[in-house]
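# Summary of structural features
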Amino acid sequence: MSRHVLAATDPAGREIAREERPAAPSLAMVAAYGDLHACDYVTVSQGKSVGLYARDPEGTWDAVSPGTDAVTADEMRLWFELTHHYPGPGGADPGHPLGRAPQPGAVGRIDERRAISLVQEHIATGGLDYPTRGLVADRFAAGWSVYAPVDVDDSDPLAFLDMPVGRSVFMVGDTGRVKEVTSAIPPGQAEALFTGEEAFVRRPPAEEAFMNDLKAEFERLDARSGQPGAVAGFTVVGTPPEDVTAARVTALTDEIARQLALCGPQRWERMVAAFSCAVSAETADLCFWGNERPVEARVPEQIALLVRRQRHLAAAMPAGPWLRLIVAVIKGPDGRAEVSTQYDYGDEPLPDGQLLAPTHYRNDLAAYPRAGVPAWLRAHAGANGRRPATPSTATPNTATPRTAPPPSAPPPQEVPERPFVDSRVGWTTHVVADRQRITYGSDSLAWEEIEWVRYPVSRTTHQGFLVPSTYTHTYTFGVGRYGDSLRGLRNLMWSKSGKRAEAPEGWLALVEFAQRVLEPRLLAERLDLIRRGGSFTIGEMSVHRGGLTLRGVMEADWRSITDVEVADGLVWIRERGGQQPVRVSLDSANAVLLPRIVAAMAG
């Protein structure tokens, strides 16, 4: 039996130390080995099988990929580096494998006018409350930073109070991808992260990268020789064979399935994920089944990065880049999982819920030129936002599994979705909510647009003198976006009388939906913002990478927080050595997330 080889590595995969052991090391042994050599990554190899272990920013070690091949382990190492460590407090490093912007490719670099146009289209398509006139663009390594400038009166010492906090900035890559970030993240850090994402997705295979570097070195020596042309006709022939590329794509798909499996409930029997992608946008649907009950889940942005990388590698295959990827996993009775993958290259029109806007397919056809483009796709890409009519005789897309349709596949008979809440709030107006939107009067928001939630409960006692005391319970539900919250959705209030009043069904249904669907996304976004060096406020409490700050009351790092408790409409936070706990009202936006934020950051 071959021995187990431990190797401590840096983010680029360069070995710092290695040793052999006769038996497979435990996670504690791997962690101790990594800590000993002050690195974030350790591989454990046995023959051709490689296991990758990594340390997160809080210092906790875990298995990223228990067993794969060396090339896929390198992919997962860079992926973990990008999603957990990069660019780090020191900023971007040009020598880091993620610090170099990718080559422009077939499209070349987009110009300033095109970048602003893409952002304007992004704002209009998404219905964002953001100005589209007067936008400016600043070039950085991987694209453009587009934003609406803010005029401040320098003569007014209090003018800074009127400056918007957390205003959106749009990063535009040379492939046309638009990513909305908050100005709470320092510009240099946001640009470095976006460059790292583009570098991860679009970097060439190892063989091609080596030959490109070799070519660059020959050209440098040729220029120094004083005899230009001494090295002529250098051709890059390092592109891996088709079977090697196919094996890498398959191995990376298995890793995607492994990461998706972590997004589901504790016990599930079957999982189906459906991705619809172009070079500048994608949609993702994920559903788990246990006891035949479907549970929808959100695909984190970190896993979407892996999917983009897999598609970029698959684009080198003769069939070109897929339009839809469907990954199905079935757990067997022995606990092993069977992964099946199906690719849809657009032989038939895509389902409505998974069809992207025409501009994204135009970007995709420019980035990945291909000889055979389906007629419907050519028509849609040139339709200026109008979808071509689908013939009624079109057959179902053969890429869709028969036994496990993707979560967003339409039912055989189109029926309007019934709201799970249709409740009167106040005297006349109803709040209506389905799985897509929540609406109250003329105010309406899609759940995916919502940035904060709150649902406090209060009780008012009316003391009686000659008559018994009465009690009124107020159940509040509020959602919104920072900076432009719709008034009607900020304070939905139900009142119930009685000392032991039961919560209204409409309020309970909204809270249950928010806890199951909305809060996991909001929590993941806030934790990601903290780990990237950003900050935000909950009530008067500032939450940041170092810990919690309440001016004049608390300046606590994460390790010093000993307890967080929710009681009496408040979040109680206790600090080691503190005299009194600090309180944050549950009436504050996203206060319900505080206990889980502290738990995640404090370990």
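Above this text sits the structure in question.
Residues numbered from 1 in each chain as written. Predicted model: local features only at pLDDT ≥ 70, side-chain atom pairs only at ≥ 80, totals over all residues. Heavy atoms only, no water.

## A look at the overall build of the protein
A count of helices and strands for the protein gives 12 helices and 29 strands. In the protein, the proportion of contacts linking residues at least 24 apart, taken out of those at least 6 apart, comes to 54%. Accessible area for the protein stands at about 31800 Å²; split by element, carbon and sulfur atoms hold 52% of it. (Helix = DSSP H or I, 4+ residues; strand = E, 2+ residues; numbered from the N terminus. Contact = heavy atoms within 4.5 Å. Areas by Shrake-Rupley, 256 points an atom, 1.4 Å probe, with all protein chains shown as cover.)

## Here we look at the sheet that holds strand β18 (residues 443-446)
The strand order β15-β16-β17-β18 describes an open sheet built from 4 strands, whose pairing is antiparallel. Bordering the open sheet on either side are β15 (421-424) and β18, each of which pairs with just one other strand. Pairs of neighbouring strands in the sheet enclose a mean axial angle of 10 degrees, with direction left out of account. Relative to strand β17 (residues 437-440), strand β16 (residues 430-433) is paired through 3 bridges, and the arrangement is antiparallel. Each bridged residue has a counterpart across the sheet, and for V432 the counterpart in β17 is T439. Its contacts with the sheet place helix α11 (residues 505-531) against β15, β16 and β17, and it is angled at close to 140 degrees to β15. (Pairing = 2+ DSSP bridges. Axes fitted to C-alpha atoms, helices over the stretch in contact; angles between N-to-C directions.)

## What to know about the packing of helix α4 (residues 187-202) against helix α7 (residues 301-314)
Running from N to C, α4 and α7 cross one another at 40 degrees; their axes reach a closest spacing of 8 Å. Taken together, the axes of α4 and α7 are oblique relative to one another. Contacts from E197, F200, V201 and R202 in α4 reach L305, L306, R308, R309 and H312 in α7. Residue composition of the contact of α4 with α7, by class: 4 nonpolar, 1 polar and 4 charged. (Parallel < 35°, antiparallel > 145°, perpendicular 65-115°, else oblique. Nonpolar A, V, L, I, M, F, W, Y, C, P; charged D, E, K, R; others polar.)

## Some points on the sheet that holds strand β13 (residues 324-331)
Paired through backbone hydrogen bonds, the strands of a sheet run either parallel or antiparallel to each other. A sheet is described by the order of its strands in space; here 5 strands give the open sequence β12-β11-β10-β13-β14, paired in antiparallel fashion. The sheet terminates laterally at β12 (293-297) and β14 (337-344), the two strands that pair on one side only. Strand-to-strand, the axes of this sheet are offset by a mean angle of 15 degrees, without reference to chain direction. Where strand β10 (residues 270-278) and β13 come together, 7 bridges link them in antiparallel fashion. Residue pairing across strands places V272 opposite A328, the latter belonging to β13. Lying over the sheet, α7 contacts β10, β11 (281-290), β13 and β14, oriented at roughly 65 degrees with respect to β10.

## Description of the side chain of T253
Residue position: T253 is located in helix α6 (residues 242-261). There is a polar contact of 2.8 Å between the side chain of T253 and the side chain of Q310. (Polar contact = N/O pair within 3.5 Å; in protein donor to acceptor, adjacent residues only side chain to side chain.)

## Some details on the side chain of S45
Mapped onto the fold, S45 is located in strand β3 (residues 41-46). Discounting chain neighbours no more than four positions away, the residues touching S45 are R3, H4, V5 and V50.

## Some thoughts on α6
For α6, spanning 20 residues, the distance from its first C-alpha to its last is 29 Å, which sits close to the expected 28 Å at 1.5 Å a residue. Those residues of α6 that sit buried are T245, R248, V249, A251, L252, T253, E255, I256, A257, Q259 and L260. (Expected span 1.5 Å × (residues − 1). Buried < 20%, exposed > 50% of the residue type's maximum accessible area, 1.4 Å probe, protein only.)

## What to know about the packing of aromatic side chains
Inspection of the entire model under this criterion finds 8 aromatic pairs. Taking 4.8 Å as the distance between ring centres and 25 degrees as the angle between the ring planes, the aromatic pair formed by F420 and F513 counts as stacked. With a gap of 93 residues between them, F420 in the loop between α9 (375-381) and β15 and F513 in helix α11 connect regions that are remote in the sequence. A relative accessible area of 31% means that F420 is categorised as partly exposed. Judged by relative accessible area, which is 5%, F513 ranks as buried. (Phe/Tyr/Trp six-rings, centres within 6.5 Å; stacked < 30°, edge-to-face > 60°.)

## A short note on the nonpolar core
If you look at the biggest cluster of nonpolar residues, it comprises 59 residues, and the most contacted ones within it are I438, F477, V543, L548 and I597. The element contributing the most residues to this core is α11, with 11 residues. Excluding residues that lie within four positions of it along the chain, V543 makes contacts with I530, G534, S535, F536, I538, L548, W558, L594 and I597. Core analysis: the second largest hydrophobic core is formed by 37 residues, Y41, L82, V201 and L325 among them. (Core = buried A, V, L, I, M, F, W, Y, C linked by side-chain atoms within 4.5 Å.)

## A closer look at the packing of α6 against α7
Following both chains from N to C, one finds α6 and α7 inclined at 165 degrees, their axes separated by 9 Å at the closest point. Classed by the angle they form, the pair α6 and α7 counts as roughly antiparallel. The handedness of the crossing between α6 and α7 is left-handed. On the side of α6, the interface is formed by T245, V249, L252, T253, I256, Q259 and L260, while α7 contributes I303, L306, V307, R309, Q310, L313 and A314. In terms of residue class, the contact of α6 with α7 is made up of 9 nonpolar, 4 polar and 1 charged. (Left-handed = near helix turned anticlockwise from the far one by under 90°.)

## A few points about the pattern of salt bridges
A full pass over the atoms with the stated rule returns 30 salt bridges. The residue R55 makes a salt bridge to D40 at a minimum N-O spacing of 3.2 Å. With R55 in strand β4 (residues 49-55) and D40 in the loop between α1 (27-36) and β3, this pair connects stretches of sequence that are 15 residues apart. The exposure class of R55 is buried, given its relative accessible area of 17%. A salt bridge links R435 to E296; its shortest N-O distance comes to 3.2 Å. Residue R435 is found in the loop between β16 and β17, and its partner E296 is found in strand β12; the two are separated by 139 residues along the sequence. R435 sits in the partly exposed class, given a relative accessible area of 48%. Classification of E296 by relative accessible area gives partly exposed; the value is 46%. (Salt bridge = Lys/Arg side-chain N within 4 Å of Asp/Glu carboxyl O.)

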